[in-house]
Amino acid sequence: MEEWKSQIKRGTLAFCVLLMIARRERYGYEIISELEKRPSLTARESTVYPLLRRLLKEGHLSSSWRDSAQGLPPRKYYAITDSGRAYLEAMSGEWDRLVREIDEIREE
């Protein structure tokens, strides 16, 4: 059962990360902290940072370094690009279709 849950989580993590960044720019640790508030979506740094790098490489995100408050090291903030918004829109449509079709099967 655990492998099945892991596969579902991996398949939806990029969608969730893009949803969060589409609302406002975020830095990596902030994304991880937000995911931790939802036990089914909790993800480690070793999962989130490679995902962010992949989304950057694919052009779905941009990044910039910003100084932190109280003398902490600068943070790398991620923002969604036009390509990322189009990708997120496609993912949202596919997600809605998937949920609708699963619900249809469950209701039969």
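Presented here is a report on the structure given in the accompanying data block. Everything quoted here is computed from the prediction, not taken from an experiment. Along each chain, numbering runs from 1 in the same order as the chain's sequence is written. Since the coordinates come from a predicted model, pLDDT governs what is reported: local features require at least 70, and pairs of side-chain atoms require 80 or more to be given and counted, while whole-chain, interface and lining totals use all residues. Side-chain measures here rest on the full set of heavy atoms in the structure, leaving out hydrogens and waters.

**Describing the packing of helix α1 (residues 2-23) against helix α2 (residues 28-36)**
The following threshold applies: Axis definition: a line fitted to C-alpha atoms, over the contacting stretch in the case of helices. Angles run 0 to 180 degrees between N-to-C directions. Strands are runs of DSSP state E lasting at least two residues, helices are runs of H or I lasting at least four, and both sets are numbered from the N terminus onward. An angle below 35 degrees is read as roughly parallel, one above 145 as roughly antiparallel, one from 65 to 115 as roughly perpendicular, and any other as oblique. Left-handed describes a crossing in which the near helix is turned anticlockwise from the far one by less than a right angle; the clockwise case is right-handed. A contact between two residues is defined here by any heavy atoms of the two lying within 4.5 Å.
Following both chains from N to C, one finds α1 and α2 inclined at 115°, their axes separated by 11 Å at the closest point. Here α1 lies roughly perpendicular to α2, going by the angle between them. For the pair α1 and α2, the sense of crossing is right-handed. Contacts between α1 and α2 pair Leu-13, Val-17, Met-20 and Ile-21 from the former with Ile-31, Glu-34 and Leu-35 from the latter.

**Overview of the pairing of strand β3 (residues 75-80)**
How we decide: Being paired, for any two strands, means DSSP has found at least two bridges between them.
Where strand β1 (residues 26-27) and β3 come together, two bridges link them in antiparallel fashion. Counterpart to Tyr-27 in the pairing with β3 is Tyr-77. With six bridges connecting them, strand β2 (residues 61-66) and β3 associate as antiparallel partners. By the bridge assignment, Ser-64 is partnered in β3 with Tyr-77.

**Things to note about a negative patch on the surface**
Cut-off, in case you're wondering: Patch membership requires over 30% relative accessible area and the absence of a salt bridge. Like charges are linked within 9 Å, and nonpolar side chains (Val, Leu, Ile, Met, Phe, Trp, Tyr) within 5 Å. Every accessible area reported is derived by Shrake-Rupley at a probe size of 1.4 Å, with residue values counting cover from the shown protein chains alone. Whenever a carboxyl oxygen of Asp or Glu lies within 4 Å of a side-chain nitrogen of Lys or Arg, that contact is scored as a salt bridge. Neither His nor the chain ends contribute to the count of charged residues, in which Lys and Arg are positive and Asp and Glu negative. A charge is said to be at NZ when it belongs to Lys, at CZ for Arg, at CG for Asp and at CD for Glu. Throughout, exposure labels follow a simple rule: accessible area from a 1.4 Å probe, protein chains only, divided by the maximum for the residue type, with under 20% read as buried, over 50% as exposed, and the rest as partly exposed.
A cluster of acidic residues, Glu-101, Asp-103, Glu-104, Glu-107 and Glu-108, forms a negative patch on the protein surface. Tracing the sequence through the fold places Glu-101 in helix α4 (residues 82-107). You can call Glu-101 partly exposed: its relative accessible area is 44%.

**A short note on the nonpolar core**
Worth spelling out the cut-off: Residues belong to one nonpolar core when they are buried, are Ala, Val, Leu, Ile, Met, Phe, Trp, Tyr or Cys, and are joined through side-chain atoms within 4.5 Å.
Grouped together as the largest cluster of nonpolar side chains are 22 residues, with contacts concentrated most on Val-17, Ile-21, Ile-31, Leu-35, Leu-52 and Leu-61. Counting only elements with at least two residues in this core, the list comes to α1, α2, α3 (45-57), β3 and α4. Per-element tally for this core: the top contributor is α1, with eight residues. Excluding residues that lie within four positions of it along the chain, Leu-61 makes contacts with Leu-18, Ile-21, Leu-52, Leu-55, Leu-56, Tyr-78, Ala-79, Ile-80 and Thr-81.

**Looking at the environment of Pro-74**
Residue placement: Pro-74 occurs in the loop between β2 and β3. Once residues within four sequence positions are removed from consideration, Pro-74 is found in contact with Trp-65, Arg-66, Asp-67 and Ser-68.

**Regarding the sheet that holds β2**
In spatial order, the strands read β1-β3-β2; together these three strands make up an open sheet with antiparallel pairing. The open sheet has two free edges, formed respectively by β1 and β2, since each of these has just one partner strand. Each of β1, β2 and β3 is contacted by α1, which is oriented at about 95° to β3, the strand it contacts most.

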